[in-house]
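Notes for the structure review
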Amino acid sequence: AEWYRDESMLNLEKESVFGGNWLHVGHLGQLSGEGDRYLTGCFLNIVVKSGDTGEIKSFYNVCSHHAMQLLKEDKGSIKNGRIVCPYHGWQYSCDGRLAKATAMKGMEDFKARDYGLKPIHVETLGPLIFLNFSDTPNSSLDEFGSDMFSSVKKRSGPIDDLVFVRRRTYNLDCNWKVFVDNYLDGGYHVPYAHEGLSENMSMESYHNECHRNWSLQYAETESERLGAGAAYGFLYPNFMVNRYGPWMDTNTVVPLGIKKTQIIYDYFLEKPRSEDNEFIEKSLEASHQVQLEDEELCAGVQMGLESGAYDVGRYVPRFEEPMYSFHCRLHEDFSKRLDHMGAE
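First, a word on what this report is: a plain description of the structure on this page. Just so it is clear, the structure is predicted and the values come from calculations on it, not from any experiment.

Taken together, the 2 bridges between strand S4 (residues 56-60) and strand S9 (residues 119-125) define a ladder with antiparallel strand orientation. The residue bridging Phe59 from the neighbouring strand is Pro119, located in S9. Sheet topology note: the S9/strand S10 (residues 128-132) ladder contains 5 bridges and is antiparallel. Bridging from a neighbouring strand, His121 pairs with Asn132 of S10. Hairpin connection between S9 and S10: a loop of 2 residues separates the two successive antiparallel strands, and Gly126 in this loop has a positive phi of roughly 60°.

The structure is reproduced here in structure tokens:
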């Protein structure tokens, strides 16, 4: 239970979990449009797409002069090829170089090349953009998670060439891992907490597949929204991709505090249904209902974790192998970081 309620876990997770793994920050559709484009992310990052070359780069959204946040809008165009700090007017080119430092001309021992934006490793899988904040990632994104995407495609359909429909965000009163645990319980809670969803899902067909960096849950379904089968892919540590019927939605889990979490949902749809507004609104309403039910569950679990009455529970092997796999991976990252701190 301490993993979910101890404030000291936040710094440990920032360094050991979020600092060294591939994190989803957006999709290529957010960079569409003429000229140089950008998107900002939930991890104080900027992703920039060059209008001339199409090359994608990423940097910390932090001015090298006085640590000011450079861009506040979630996406947009970069005017005249310059990112301008709103505090003191320092300017950066789209490749991160310092292009202008106001009132610094002729300053002794000042070299512009030493004050560019700090870069972040960026890669894409299909339409999705991921970052790795470590200086030297242990693996490429392809090595880290491409097998999960391949499994989702095999089960429920392609993830490319889908039309972005809508983004929704939910703020939950729970630790981020409570939400991930709920997602990874192998459908155990579905018959009890999601009546509308379970009516269209064969729980007898529900099965799990677990690997070091990812897991997959799959069940046969029967409805216009869910199609003939739903695949739920999880990429460690905080990303989900759900493919069902003509739909795909992605979920990015962002810790805001020890018991505050934001979930960012992006919904995509196959092109033939992308202008069927009645179907879209009906489907999104059904999805929203499931999220509200999960929100209530997660808040209840967080209250129980903070009560002092609970320390550890028991896994149910038939269902909860994906959750167990997630906890093992967390323990691995925590242990590595603590061992490193002990050796310093």
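And the narrative resumes.
For the coordinates displayed, the defined rule picks out 22 aromatic pairs. Where Trp3 meets Phe334, the ring centres are 5.0 Å apart and the plane angle is 90°; that geometry is what we call edge-to-face. With Trp3 in helix H1 (residues 2-5) and Phe334 in helix H8 (residues 321-343), the pair connects residues that are 331 residues apart, well separated along the chain. With centroids separated by 5.4 Å and ring planes inclined at 85°, the aromatic side chains of Phe130 and Phe239 adopt a geometry described as edge-to-face. A residue pair is termed long-range when its members are at least 10 positions apart, and Phe130 in strand S10 and Phe239 in strand S15 (residues 239-244) qualify at 109 residues. Exposure remark for Phe130: the relative accessible area of 0% places this residue in the buried category. The cationic tip of Arg155 hangs over the ring face of Tyr218; the distance from NZ or CZ to the ring centre is 4.9 Å. Seen from the ring of Tyr4, Lys177 lies directly overhead, with NZ or CZ sitting 5.2 Å from the centre.

A separate point is the side chain of Gln291. Position of Gln291 relative to the elements: it lies in helix H7 (residues 277-305). Taking the relative accessible area as the measure of exposure, Gln291 reaches 12% and is therefore buried.

Quick look at the sheet that holds strand S1 (residues 23-27) now. Overall, antiparallel pairing links the 7 strands, which are arranged S1-S10-S9-S4-S3-S2-S5 in an open sheet. For this open sheet the edge positions go to S1 and strand S5 (75-77), each flanked by a neighbour on one side alone. Within this sheet the neighbouring strands show an average axis-to-axis angle of 30°, counted without direction. Each of S9 and S10 touches helix H3 (residues 141-156); the most contacted strand, S9, lies at about 30° to it.

So, on to the sheet that holds strand S12 (residues 207-210). Spatially, 7 strands are ordered S11-S17-S16-S15-S14-S13-S12 in an open sheet, and the strand pairing comes out antiparallel. Only two strands of the sheet have a single neighbouring strand rather than two, namely strand S11 (162-172) and S12. Geometrically, the sheet is characterised by an average inter-axis angle of 15° between neighbouring strands, direction not taken into account. Looking at chain direction, strand S13 (residues 214-223) and strand S14 (residues 227-235) are connected through 8 bridges and run antiparallel. Bridge pairing in S14 links Ser215 to Phe234. In this fold H3 packs onto S12, S13, S14 and S15, with an angle of close to 170° to the strand it touches most, S14.

Summarising the sheet, S12 and S13 pair through 4 bridges and their orientation is antiparallel. Bridge pairing in S13 places His207 opposite Tyr218. Connecting the antiparallel pair S12 and S13 is a turn made up of 3 residues.

This part takes up the environment of Ile280. Looking at the element boundaries, Ile280 is found in helix H7. The exposure class assigned to Ile280 is buried, which follows from its relative accessible area of 4%. Sequence spacing of Ile280 and Trp247 is 33 residues, and the spatial spacing of their C-alpha atoms is 9.6 Å. Among all residues touching Ile280, those that are not within four sequence positions of it are Val165, Trp247, Leu269, Arg273 and Ser274.

In terms of burial, helix H4 (residues 176-183) is largely enclosed, as 8 of its 8 residues are buried. Every buried residue belonging to H4 is among Trp176, Lys177, Val178, Phe179, Val180, Asp181, Asn182 and Tyr183, and all of these are buried.

Analysis parameters
- Residues numbered from 1 in each chain as written.
- Predicted model: local features only at pLDDT ≥ 70, side-chain atom pairs only at ≥ 80, totals over all residues.
- Heavy atoms only, no water.
- Pairing = 2+ DSSP bridges.
- Helix = DSSP H or I, 4+ residues; strand = E, 2+ residues; numbered from the N terminus.
- Phe/Tyr/Trp six-rings, centres within 6.5 Å; stacked < 30°, edge-to-face > 60°.
- Buried < 20%, exposed > 50% of the residue type's maximum accessible area, 1.4 Å probe, protein only.
- Lys NZ or Arg CZ within 6 Å of the ring centre and 35° of its normal.
- Axes fitted to C-alpha atoms, helices over the stretch in contact; angles between N-to-C directions.
- Contact = heavy atoms within 4.5 Å.

Just geometry here; none of it tells us what the structure is for.
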